[in-house]
Each structure stands twice: as C-alpha cells, then as structure tokens.
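# Notes for the structure review
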Amino acid sequence: MALRSTGLRRSFGALAAVDGVDLAVAPGARHALIGPNGAGKSTLFKLVTGTMRADAGTVELGDRDVTGLSEVARCRLGMSQTMQHASLFGSMTATETVALAVQRHDGSRITPWPRRQRAVRERAEELLAGVGLAGRGSTPVPSLSHGERKQLEVAVALACKPSLLLLDEPAAGMSAAERARLVEVLAELPADITLLIVEHDLDLVFSVADAVTVLHLGRVLLSGTPDEVRASEDVREAYLGAKRREELFLG
Amino acid sequence: MTAVQTRIPVADAPAEPNRLRRGLPRIVAVAVVLVLAAAPLFLAPFATTTLTRIVVFALFAVSLDLLVGITGLPSLGHAAYFGAGAYAAGWVSINVTAEAPVPLLVGAATGAVAAALTGWITVRTGGVFFLMLTLAIGETVQQLANTWEDATGGANGLTGVPSVRLAGEPLVNAGYLYWYVLAIGVVGFALVWLVARSPWGAALRGIRDNEPRMRALGYPTAVYKYAVFVLAGSVAGVAGSLLVAQQRLVTPADLSFLTSSFALLAVVIGGAGSLWGACLGAAVVVLVRETLGASLDGHGPLVLGLVFVLVVYLLPRGAAGLRWPRRDKGRST
C-alpha cells in the first residue's frame, strides 16, 4: 500500500472528529476522500500529512511507519500536499515560489551565500508549464487568480518529487473552466504518483478517481469503486440526511 | 541598406535602459561608499563622530532587519545582543588587549553565544509571544548588566575602555576611528546582504510569508529561524564592539528596551526587509536623537515619535517603498 492508516483517531473535546479510520490507498491509485460537511475529511488529511498529531492509530507511508514523524520528515519521505487555502508566499513570483520547493528537493545546496540556480529555475518553469502556468512565472503570487494559485499549489507540491500527493479540496472556489483544466492536469500526472484527493465536488471526484472512500461522522462509511459509491443508499443518506429518497420530496 | 540600419537600434533599444537600470544600484552603492569614505576629509570632527555613530547604529539596525524584515521575527530585545557584544568587547579591551580584530571577534562571539542561549526558546514561538519573550530577555540582560558590577561596572557602566589599536597604533583620531568603523560596517552589511540574496535567504522569506507552507515543503523552519537568530545576534555583537570602540564606554542603557525600539524604528522608517532602508532609518534616528534632540532641549524622542507616525501614515512600506515615477508602469522591479 502507498498509504495505510490504522485506527486513526483524533478528538476535539467531546467531538471525535476522526474516530478510528482505516484507510488503504493502493500504489498509483487516484483515491478520493469524500463526505458531507463535518465528516472529518480535513482532520484526517492533517493527521495523514502530520500537521496534526493523532490521539491514537498509525500512519504508514509505503512500508514505513511515519506516525511519530513530523510533517517535515514525512515530506522528505515523499509525501507532498496542496493546501485548501492557496495563500503561498505573498512576496514572491510564481517561479520563485516553485523554485523554493525545487531547491529543497533536487539535492541542490541551500547555501547562505548567493549562487546561480539555473537548473532550479529551469525545473521550476518546467513544472509551471506542466500545470498550465507557462508564461506566468514572473507574476507575483498575489496577482494570480484564485484558480491559478490552485494550479501553482499543484506545481509546488509536484516540485517536492512526491510518491504520494495529497490534494486538499483542489477545486474549491474554482470556475467551471478552471475545474476542467484541473481535471486535465490531474489526468496528466505521472502514473507512479499516488493521489489522495479530498474534495467536495463529486463531479470532479467521479471524473478523476478510481477509488473512493466515504467518510461520515468521523468514520469510514464505505470504501469502493466510484460506481459502488454512486449506487450506495448509505452514501445517499449520509449526504442527503434522509432515510429514503422519497422522504426528501414529501413536500 | 537604410532599412537594415534602422532596425538595429529598434531591436537594441529596450535592452539599454534595462542594463542601465540593473547597473544603477551597483553604481549608487559604490558612490555611497566612496562618499562615506571621503566624508571625514570634509567634515568637522564632531560631525565625523556623529557619522561614526550612524554607521554603528546602521549595522545594528541591519542585523535586526534580518530578523524583522527578512524572516518576519519582530524582536523587541535585540539590543541585548548588541549590548552583550559591546560589554564583552569593552571588557576584553580593558583586561586583555584592544588590538584590532580581538574586540571585534569577541563581540561577534558573545552576540552569537547570547543569541544561541536564548534563541532556542524564542524561535519556537511566533507573533505576540515572540515579541514578549524577546522583550523579557532584553530586560533580563539589562538587569544582569546593572547588577553584575565586577564585570560590567553596574549602573555606572563599563568605563575607561582604551582606544582600539590597529597594528599597535591606537585609533585616537576621529577620522581613523571612523574609517575603522566604516570598513567593518560595510563588510557586515555586505555579509547580511549576501545572506538575504542567497537560496537560504529565499527560505527565510518563505518562512516570513507562510511558515506552515514552508514546513509542508519539507523545510525544518525552527532550525532556519534559530540559525538566523544566532547570525543576527552575532552581527549585533559586532555592531556592539564598534559602539564601544566609538564611545569607549558601555552603560546598561545601550542594551535597554529603548535602544531595541530605536533600532526597530529605524527598520520601520527604512521599510522592513530593505537593508539599505534600515541604514537610512538608522541615520534618521541618530540625527534626530542626537543633533536635533540637543537643540530641542532633549525632546528628540518626541520628534522621532512624530516621524514614526508620519512614516506609518505616508510611507507604509518605509523609505524603500518610495518609487520614482516611471514611464513603463508594467514593470515593478
């Protein structure tokens, strides 16, 4: 498994946001994590990346137990993430932003004296082109549109040379055109990168994912193929909050 | 033929102003250093001494700007390392030797060690907690300077510091002393400037902009912050050794909260993150405090307060935020 969590648990006071989640993501999978608001998706995401400590349970990356490792160490082991709020670095251009990630992961020395980083810059521009931001490299990050910043997030995450790429609501706040572009970018990612996508937009999930885990009230409701999830009554209930479909339309 | 001839200047035209624009800062920097170096030849000794104090304070402000402007760590107690360097350099000048590189190196080492001892706890915090912790450390170090009379002379300060000696010759002449201070100041400034432009400096700016994102990119940000804290302490220590070389006296006031806040004021006036701006701000602070303050019956701080309010209102990005009006508005560099 590329990523496996066992009995992952995290509470905030009396609320068990993540309540014993077992998750298994196969190598090379396009795995989506969905669920209604408050299902614990974001918390689970943070437990996996190491931003937040779990109260109980383990996280394994490949065959390595990373439960005790910081998010910095997990990143060094090939776990990379995009963030929901693409704030990035307000004083930098797009290229500088990606270069910052590249220089950390391409083995170049981060010296405290100036040096030419031609390879780093070229790699950064290549990554920008890969997510559809060719020619936007010298634009300051605050001048990029929301959608472009999300694309930049993906470029930055890919610069970390991930084996596992975690995307936290990559389509949030995107226009339809930007969404379509994102689906394209995700489809073009190398097959050896495993994807775990936390997403609200089910259309996007069903067009990208080959495996889906549905979270509800901190627990796994269902794990299966997109078709199984689409057909499931339980999932419909969780999302619509009604026992039967008819009950919703009694009016 | 004429068509070919007219095309060449058209193609070259945009490159020329660009090259000029890129070369201009370098030319200005060299010119400023030359003018500063030539200053004692034209100035009265008193003015030279004021200029010496400006250079000392500028290096101190630059070291603080490395924390505040580049890394986003607003310290209220940076004078602790400035003062520690000054006391150590003064003590070694009195008790061991005042021969040139020794007080300087002792000042640098003391500033670095003091920052290393206190930094490991401060860099784990951020925002207001960082402010309060650095303030507390600054106050503690000042108390230490006040009470440890055997080493620091207590409230009277460390007096009777001999002149710095260069190759056996004491630098008594205000002009020679100025050149010594200027040389070290320029080297210190260049060092910080190089660090700020390095790949490591880029990581520091990343931490300032968005520390959680930097951690997610695999940067151990606490290590970076600790290292820059120690470096800034060391440069402040060097500035402290220059201070004692100039005034030949160190008092607890030199590492007080007031000194820290004046340095912070210099950074803000200049525009946080701009190293030359910090130097400019330091010049304003020293001139207002010492020159204008004397003629205003000691009300220099009042004027500084007004300057601060005006800068915050009129130049939110400090002097470095000023831009000459340009024809091609598309470029922002």
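Now for a quick tour of the structure.

Conventions adopted
Residues numbered from 1 in each chain as written. Chains lettered and ligands numbered in written order. Predicted model: local features only at pLDDT ≥ 70, side-chain atom pairs only at ≥ 80, totals over all residues. Heavy atoms only, no water. Salt bridge = Lys/Arg side-chain N within 4 Å of Asp/Glu carboxyl O. Helix = DSSP H or I, 4+ residues; strand = E, 2+ residues; numbered from the N terminus. Buried < 20%, exposed > 50% of the residue type's maximum accessible area, 1.4 Å probe, protein only. Contact = heavy atoms within 4.5 Å. Buried area = accessible area lost by both parts, 1.4 Å probe. Polar contact = N/O pair within 3.5 Å; in protein donor to acceptor, adjacent residues only side chain to side chain. Nonpolar A, V, L, I, M, F, W, Y, C, P; charged D, E, K, R; others polar. Pairing = 2+ DSSP bridges.

### A few points about the pattern of salt bridges
- Counted by the stated rule, this structure contains 14 salt bridges over all chains.
- The salt bridge involving Asp19 of chain A is made with Arg9 of chain A; its shortest N-O contact spans 2.7 Å. Of the two residues, Asp19 of chain A is situated in strand E2 (residues 15–25) and Arg9 of chain A in strand E1 (residues 3–12); the sequence distance between them amounts to 10 residues.
- The class for Asp19 of chain A is buried, based on a relative accessible area of 17%.
- Take Arg9 of chain A: its relative accessible area is 35%, and that puts it in the partly exposed class.
- Taking the shortest distance from any N to any O, the salt bridge between Arg215 of chain B and Glu211 of chain B comes out at 3.5 Å. In this pair, Arg215 of chain B and Glu211 of chain B both sit in helix H10 (residues 211–216), 4 residues apart, roughly one turn of the helix.
- Each of Glu71 of chain A together with Glu211, Arg215 and Lys225 of chain B takes part in one network of salt bridges that share partners.

### What about the interface of chain A and chain B?
- Residue-level contacts link 29 residues of chain A with 23 residues of chain B.
- Taking both partners together, chain A and chain B bury about 2000 Å²; carbon and sulfur atoms supply 62% of that area.
- For the chain A face of the interface with chain B, the top three residues by lost area are Val72, Phe89 and Pro114 of chain A, together amounting to 24%.
- Put simply, chain A and chain B have 2 salt bridges between them.
- Counting across the chain A and chain B interface gives 14 residue pairs in polar contact (both at pLDDT 80 or more).
- Taken together, the elements giving at least two residues each to the side of chain A that touches chain B come down to helix H2 (71–76), strand E6 (79–82), helix H3 (94–105) and helix H5 (146–159) of chain A.
- Looking at which element gives the most residues to the side of chain A that touches chain B, the answer is H3 of chain A, with 5 residues.
- Residues that form the side of chain A that touches chain B fall into these classes: 14 nonpolar, 9 polar and 6 charged.

### Notes on the sheet that holds E1 of chain A
Residues and elements named next belong to chain A.
- If you walk across this open sheet you meet the 4 strands as E2-E1-E4-E5, and the pairing is antiparallel. Looking at which strands have only one partner, the edges of the open sheet turn out to be E2 and strand E5 (64–65).
- Direction of pairing for E1 relative to strand E4 (residues 56–61): antiparallel, over a ladder of 5 bridges. Its bridge partner lying in E4, Arg4 is registered against Glu60.

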